[in-house]
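Each chain is listed here by its residues.
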Amino acid sequence: MTVTPRPAPTARGLLYVVLSIGLVGFAGPFVWMVLSAFKPEGELRRVPTTWLPENVTLDNFRTIFTGLDFPTYFTNSVIVAAAVTLGNLALCSMLGYALAKIEFPGRRVLFLLVIGTLMIPSMVTFVPQFVLVAQFGLVNTYPGLVLPILALAGPLGVFLMRQYISELPDELIDSARIDGAGELQIFLRIIVPLAKPALATLTIVTFLGAWNNFLIPLVMAQTEDKYTLPVALALYSVGQNSTKFGLLMAGAVVVVLPVLLIFVVLQRYFVQGIAMTGFK
């Protein structure tokens, strides 16, 4: 059995220092955002700024929950993010399985095309997507909000699932085929249970992108009843002459909570999925 040597005390201390600096760099802005959500507008604009709120207030959160149509915006965000996430989980896992384990002509070329689409900036495809959505009469509808985001997130999910599924043993699939199982049965009964880490990773990445997406809902939603949370908060906190930073901070806290909750629930699978999909 190979025993990994422990780092020397000096090296270990240096490692802790570097990791602590990294933690402050990543968590510092988030902590400041949370604390600023409880500051009045005047204190937020003070120079030099304060770290801890001197006058704790809940006015920013009251404005969000009472001054805005929060239930409608939150429901719209949930519908869009859930639909995009479920669509990616179904389509990307199926395509990943086909590209990883099913032999067919042009499989390698198709996979290279999928990888190639990752290099296309989203702004290049945004205008054609809007034209298609408008021609189908889906502007200011839930399908019009979901389909462009679903198309933008697809290639990454296909790559993620293909890389993970390709590491699964072929013997399991061959045995199922010998027993007479069809490809759909193999996918549902073997691939999906074994691919839970990759599916959890895809869930977090896709939900985060769909939940925080701003440009597509801003353009596709023509009326307030179709606004998502990021759009509503941006439109109502940025006035003609000034920005309500307290409302922005409180809104950012509200928006980030569902993402943190999903990450906490799926973090164990997320780490496994990242470790086994080529992102080592």
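Procedures and definitions
- Residues numbered from 1 in each chain as written.
- Predicted model: local features only at pLDDT ≥ 70, side-chain atom pairs only at ≥ 80, totals over all residues.
- Heavy atoms only, no water.
- Helix = DSSP H or I, 4+ residues; strand = E, 2+ residues; numbered from the N terminus.
- Buried < 20%, exposed > 50% of the residue type's maximum accessible area, 1.4 Å probe, protein only.
- Contact = heavy atoms within 4.5 Å.
- Core = buried A, V, L, I, M, F, W, Y, C linked by side-chain atoms within 4.5 Å.
- pLDDT = per-residue confidence, 0-100.
- Phe/Tyr/Trp six-rings, centres within 6.5 Å; stacked < 30°, edge-to-face > 60°.
- Salt bridge = Lys/Arg side-chain N within 4 Å of Asp/Glu carboxyl O.
- Expected span 1.5 Å × (residues − 1).
- Axes fitted to C-alpha atoms, helices over the stretch in contact; angles between N-to-C directions.
- Parallel < 35°, antiparallel > 145°, perpendicular 65-115°, else oblique.
- Nonpolar A, V, L, I, M, F, W, Y, C, P; charged D, E, K, R; others polar.

A. Here's a closer look at the overall build of the chain. Check the secondary structure of the chain and you find 13 helices and zero strands. Secondary structure elements in the chain, listed N-terminal to C-terminal, are α-α-α-α-α-α-α-α-α-α-α-α-α. For the C-alpha atoms alone, the extent of the chain along its principal axes is close to 70 × 65 × 30 Å. Counting across all 280 residues of the chain, residues that qualify as buried make up 36%. Partitioning the intrachain contacts of the chain with sequence separation of at least 6 by distance along the chain shows that 71% fall at a separation of at least 24.

B. Spatial organisation of the nonpolar core. Grouped together as the largest cluster of nonpolar side chains are 34 residues, with contacts concentrated most on Ile 64, Val 84 and Trp 211. Of all the secondary structure elements, the ones that give two or more residues to this core are helix H3 (59–67), helix H4 (70–101), helix H6 (122–135), helix H7 (142–165), helix H10 (196–212), helix H11 (215–220), helix H12 (229–237) and helix H13 (245–275). Here this core takes seven residues from H13, the largest share from any one element. Setting aside residues no more than four positions away along its own chain, Val 84 makes contact with Val 146, Ile 149, Leu 150, Thr 206 and Ala 210. Ala 100, Phe 111, Phe 159 and Leu 160 belong to the second largest nonpolar core, which has 23 residues in total.

C. Examining the confidence of the model for the chain more closely. With 90% of its residues at a pLDDT of at least 70, the chain reaches an overall mean of 82. Confidence, read as mean pLDDT per element, is least for H13 in the chain (77) and greatest for H4 (90).

D. Here's a closer look at unusual backbone geometry. A positive phi angle, near 65°, is found at Asn 140, a position not held by glycine. The residue Asn 140 is located in the loop between H6 and H7 in this model.

E. Local environment of the packing of aromatic side chains. With the rule as written, the count across this model stands at eight aromatic pairs. Relative to Phe 74, the ring of Phe 70 has its centre 5.7 Å away and its plane inclined at 25°; by these criteria the two rings are stacked. Taken together, the positions of Phe 70 and Phe 74, both in helix H4 and four residues apart, correspond to about one turn of that helix. On the numbers, 5.8 Å between centres and 80° between planes, the contact of Phe 74 with Trp 211 is edge-to-face.

F. Spotlight on the pattern of salt bridges. Within this structure, the stated rule accounts for seven salt bridges. One salt bridge in this structure joins Lys 101 and Asp 170, with 2.5 Å as the shortest N-O distance. Taken together, the residues span a long stretch of sequence, with Lys 101 in helix H4 and Asp 170 in helix H8 (residues 170–178) at a distance of 69 residues. On the basis of relative accessible area, Lys 101 is assigned to the buried category, the value being 10%. Across the pair Arg 177 and Glu 183 runs a salt bridge whose closest N-O atoms are separated by 3.1 Å. Taken together, the shared-partner salt bridges in this structure form one network comprising Asp 174, Arg 177 and Glu 183.

G. Layout of the side chain of Asn 76. By secondary structure assignment, the location of Asn 76 is in helix H4. Other than its neighbours up to four places away in sequence, Asn 76 contacts Tyr 142, Asp 225, Lys 226, Tyr 227 and Thr 228.

H. Region of interest: H10. The end-to-end C-alpha distance of H10 is 24 Å, a good match for the 24 Å that 17 residues give at a rise of 1.5 Å each. Within H10, twelve of the 17 residues are buried, which leaves it mostly tucked inside the rest of the structure. Listed as buried for H10 are Pro 197, Ala 198, Leu 199, Ala 200, Thr 201, Leu 202, Thr 203, Ile 204, Thr 206, Phe 207, Ala 210 and Trp 211.

I. Spatial organisation of the packing of H4 against H12. For the pair H4 and H12, interaxial distance at closest approach is 8 Å and the crossing angle is 140°. By the angle between their directions, the pair H4 and H12 is classed as oblique. Across the interface between the two elements, Phe 70, Tyr 73, Phe 74 and Ser 77 from H4 touch Leu 229, Pro 230, Ala 232 and Tyr 236 from H12. In terms of residue class, the contact of H4 with H12 is made up of seven nonpolar, one polar and no charged.

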